[in-house]
Amino acid sequence: MKLRVQLQCKNLHEYLKELSPEILDRLYNHPATCLAVYRELPPLAKNYVMRMLFLDQPLPQAAVALWVKKDSEKDHDQCVSVLSGLRLWHSQQLQGGLQGNILNPVFKDNLRIALLGGGKSWADQGDSLGPDRHARDVESLDKYALERWEVVLHFMVGCPSAAVSQDLSQLLIQAGLMRTEAGDAPCITSAGFQFLLLDTASQLWYFTLQYLNTAQTRGMDLVEILSFLFQLSFSTLGRHLREFGLVFQRKRKSRRYYPTRLAITLSAGVSANSSSTAMGATPGTGDSGFIVVETNYRLYAYTNSELQIALVALFSECLYRFPNVVVAQVTRESVQQAIANGITAQQILHFLRTRAHPVMLKQNPVLPPTITDQIRLWELERDRLQFSEGVLYNQFLSQADFEVLRDRAQGLGCLVWQNVAHRVIVVSPQGHGEVKRFWKRQKSHT
Amino acid sequence: MMMASEDEVSLLVIVVDVNPIWWGQQANREPQFTLSKCLDAVMVMGNSHLVMTRTNKLAIIASHCQESHFLYPCKLWKFGDGHGDENASTSGDGKYELLSVANDFIAEEIKNLMSRTEVKGNQTDTLLAGSLAKALCYIHRVAKELEAGQEMKSRILVVKAAEDCALQYMNFMNVIFAAQKQACDITGGLYLKIPQKIALAQYLLWVFLPDSDQRSQLVLPPPVHVDYRAACFCHRNLIEIGYVCSVCLSIFCNFSPICTTCETAFKIPLPQVVKSKKKKLKPST
């Protein structure tokens, strides 16, 4: 049976924890990174950092433990572990011999700069570009960003009209989202299916992490890339017309580029819960969700976007198509087909919930319970049978032979199944060699 | 651990007392802590609040003798975004850009405010009740303009310099009761008299930066023991038994036919005339 690989979407902190201490310290050299990391801390930890930001001496650990009330000690411990894991604070011995905590000095200085000023400007060569003759406004930026992202997703689904650069398709293959066989065009994997159903922010983040992982092999400096990304995510939309340029067009040599909403939600899109960031719900639909699910398993998707229709068709049967609506039916076959491709029921439900029409959002729960239960049941149906390989031993001449062999197999731990009435046992392939040898020895004795 | 979701907006309104007469006198008393230092500390507090979460919002109101003026945000900006003038130059240093725009604007506004207001008289009190009322109206407006599905928590921080003004008592009480209807946790407020004014920024960050969720987890200065005995309005003596006007709730030690605060007339209570009861003679059996 095929093993289903679950798509792992790490968040910022988990990713940073895996980096080596030297890289982390270099990373904290930029105010934008410090801000991004700070924003992702749990609220209590943020308060701790703020309190220690303007102190130059370490605080005794015992004193810090007294900051919280008695009921919140668990939260305190969690904060301590998060802050230490990210190397935001160090232990240092105080004069009296007690253990103290002090903020990582690089992090402290740069967060102070972000908050109060001083230090270097975030963007280099900003003023030398002169006034922008081809200024773009916010809406055209949004549209551009959405179009580009949709092209990538279209390519994954396999629409022939979508074409992406060689680099990008290589990246998709390395990320495990697509695979290529012997010179054919790349086709999507089960991980890729799961990726498609995620919300945009998570997709972005996963993609960026994969890119960062390959960056080192390409000889690019991880620290520079990360700092650049964080910087972009903090820039005000549309404001840095003189300083930045388009994000997703690294190919062109132009020095001008504009941070798009996608880049800005990068920093915000880290938490798994974000569903309504500045992005809105999803690309291609404007602001809000567009799917209505009824209790008779009918699905109405008010969209024109080819991509969205293709995504809906992944797990349902399309019945009718109108200029602005697609009517589909969620059936057992369509859902089980999707599950055979590696998508889980949870992802289908998440997809429906995040793209639910505002009318649906008014009811509680958002999706009808009949639908959610039924989709999960269809998924479980596939798990009723479990296949394991084995070797069958039958036609024993006597009960005693059968029992001897069965006990031996059981002793070795490779007995998969037995039927005493018919004198049949099934042994696992690994144990088969040993059991066969034992049986041969047995026969030669008697 | 409970984490605030992306959809929760936390609004902090800071009301700063900028009475020029008091601050002018203060400059003679303690030259190292002036109005600009106080405003620096307030800006640090505001910056820290904005940096904490992407959805946090900030407003700063300056409370002057004759007006209350919004130092931030500007009326012309798209609400809450702090973008302002597209041509405004960037900070040129490592400060987060949103903050440098905000801080420059606040500095500009306070300079304009102080230079254009003509100060008459010698009062060292400010229109605090009016500023609080403006803060409440602003909070209400922000609450109305939220997107669908967003919730909002709001709080007001008052940085007070000069002494209280008795004339504003009634307005003050009205504002408090209006706020109580808007925000149920009004009694969850914190009061702190700052022993060392120079360390204002540190006090603000330690005590007032956490929002109401986090306050329940942290240990904060205990409430100052308040002497709940009332002071009478006529003599300012602390009294335990007195007369209370039923209209405006102001307290007097002696009865007066007209309440001096709200000018309602009351009838003088005469002692009750006890009607003598005619005893019925018991019928003799």
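Residues numbered from 1 in each chain as written. Chains lettered and ligands numbered in written order. Predicted model: local features only at pLDDT ≥ 70, side-chain atom pairs only at ≥ 80, totals over all residues. Heavy atoms only, no water.

As named in an unreviewed UniProt entry, chain B is General transcription factor IIH subunit 3, taken from Oncorhynchus tshawytscha. UniProt, in the comment section headed Subcellular location (unreviewed entry), describes chain B in these words: "Nucleus". Note on chain B: under the UniProt heading Sequence similarities (unreviewed entry), the record states "Belongs to the TFB4 family." (UniProt positions renumbered as here; feature names shortened; annotations may be inferred.)

The name given to chain A in an unreviewed UniProt entry is General transcription factor IIH subunit 4, with the source organism recorded as Oncorhynchus tshawytscha. Reading the Sequence similarities (unreviewed entry) entry of the UniProt record for chain A gives the comment "Belongs to the TFB2 family." Taken from UniProt, the Subcellular location (unreviewed entry) comment for chain A reads in full: "Nucleus".

A. How the structure looks around the overall build of chain B. Assigned secondary structure in chain B consists of seven helices and eight strands. Counting all 285 residues of chain B, 40% fall into the buried class. For chain B, the share of sequence-separated contacts (at least 6 apart) that also reach a separation of at least 24 residues comes to 66%. When the accessible surface of chain B is summed, it comes to about 17,300 Å², and 57% of that surface belongs to carbon and sulfur atoms. (Helix = DSSP H or I, 4+ residues; strand = E, 2+ residues; numbered from the N terminus. Buried < 20%, exposed > 50% of the residue type's maximum accessible area, 1.4 Å probe, protein only. Contact = heavy atoms within 4.5 Å. Areas by Shrake-Rupley, 256 points an atom, 1.4 Å probe, with all protein chains shown as cover.)

B. Highlighting the pattern of salt bridges. Residue and element names in this part refer to chain A. Tallied over the entire structure, the rule returns ten salt bridges over all chains. Across the salt bridge formed by Asp407 and Arg406, the nearest N and O atoms sit 3.3 Å from each other. With relative accessibility at 41%, the residue Asp407 sits in the partly exposed group. The buried category is assigned to Arg406, whose relative accessible area is 16%. The shortest N-O distance in the salt bridge between Glu434 and Arg437 comes to 3.0 Å. With Glu434 and Arg437 both in helix α20 (residues 429-445), this residue pair falls three residues apart, about one helical turn. When salt bridges with common partners are traced through the structure, they connect Asp56, Lys108 and Arg112 into a single cluster. (Salt bridge = Lys/Arg side-chain N within 4 Å of Asp/Glu carboxyl O.)

C. Focus on the sheet that holds strand β12 (residues 424-427) of chain A. All names here are of chain A. Taken together, the three strands give an open sheet; going across it, the order is β10-β12-β11, and neighbouring strands pair in antiparallel fashion. Every interior strand has two partners, whereas the edge strands, β10 (391-393) and β11 (415-419), have only one. Pairwise comparison of adjacent strand axes, ignoring direction, gives a mean angle of 15° for this sheet. (Pairing = 2+ DSSP bridges. Axes fitted to C-alpha atoms, helices over the stretch in contact; angles between N-to-C directions.)

D. Spotlight on the environment of A:Val152. All names here are of chain A. Tracing the sequence through the fold places Val152 in helix α8 (residues 138-157). Judged by its relative accessible area of 8%, Val152 falls in the buried class. Residues Val152 and Leu172, 20 residues apart in the sequence, show an inter-C-alpha distance of 9.5 Å.

E. The arrangement of the packing of aromatic side chains in detail. Scanning the model with the defined rule gives eleven aromatic pairs over all chains in all. Between B:Trp23 and B:Phe33, the ring centres sit 6.0 Å apart and the planes meet at 50°, which makes this aromatic pair tilted. Placement of B:Trp23 in helix α1 (residues 20-29) and of B:Phe33 in the loop between α1 and α2 (35-52) is noted, with a sequence separation of ten residues between them. B:Phe33 shares its class with B:Trp23; the two are buried. Among the aromatic residues, those joined into a ring-pair cluster are A:Tyr48, A:Trp67 and B:Trp206. Over the ring of A:Phe438 we find A:Arg408; its NZ or CZ atom is 5.0 Å from the centre of that ring. For B:Arg29, the ring lying beneath its charged end belongs to B:Trp22, and the centroid distance is 5.1 Å. (Phe/Tyr/Trp six-rings, centres within 6.5 Å; stacked < 30°, edge-to-face > 60°. Lys NZ or Arg CZ within 6 Å of the ring centre and 35° of its normal.)

F. The arrangement of the packing of α2(B) against helix α3 (residues 97-116) of chain B in detail. Residue and element names in this part refer to chain B. Contact geometry for α2 and α3: axes closest at 11 Å, N-to-C directions at 150°. Seen along the crossing, α2 lies across α3 with a hand that is right-handed. Of the residues in α3, those touching α2 at Leu35, Leu39, Met43, Asn47, Leu50 and Val51 are Leu99, Asn103, Ile106, Ile110 and Met114. Split into classes, the residues belonging to the contact of α2 with α3 amount to nine nonpolar, two polar and no charged. (Left-handed = near helix turned anticlockwise from the far one by under 90°. Nonpolar A, V, L, I, M, F, W, Y, C, P; charged D, E, K, R; others polar.)

G. Inspection of the environment of B:Asn19 at higher detail. Residues and elements named next belong to chain B. The residue Asn19 is located in the loop between β1 (8-17) and α1 in this model. Since its relative accessible area comes to 0%, Asn19 is described here as buried. Asn19 sits 45 residues away from His64 along the chain, and the two C-alpha atoms are 5.1 Å apart. One polar contact links the side chain of Asn19 to the main-chain amide nitrogen of Trp22, over a distance of 3.0 Å. (Polar contact = N/O pair within 3.5 Å; in protein donor to acceptor, adjacent residues only side chain to side chain.)

H. Spotlight on the sheet that holds strand β4 (residues 151-159) of chain B. Residue and element names in this part refer to chain B. Sheet architecture is open: four strands sit in the order β3-β2-β1-β4, paired in mixed fashion. Only two strands of the sheet have a single neighbouring strand rather than two, namely β3 (68-72) and β4. For this sheet the average axis-to-axis angle between neighbouring strands, irrespective of direction, equals 25°. α3 rests against β2 (57-63) and β3 of the sheet, and its axis sits at about 155° to β3.

I. Quick look at the packing of α2(B) against helix α6 (residues 200-208) of chain B. All names here are of chain B. α6 packs onto α2 with a crossing angle of 30° between their chain directions and a minimal axis gap of 8 Å. Taken together, the axis directions place α2 and α6 in an arrangement best described as roughly parallel. Seen from above, α2 lies across α6 with right-handed handedness. Residue-level contacts link Cys38, Ala41, Val42, Val44, Met45 and Ser48 of α2 to Leu200, Ala201, Leu204, Leu205 and Phe208 of α6. (Parallel < 35°, antiparallel > 145°, perpendicular 65-115°, else oblique.)

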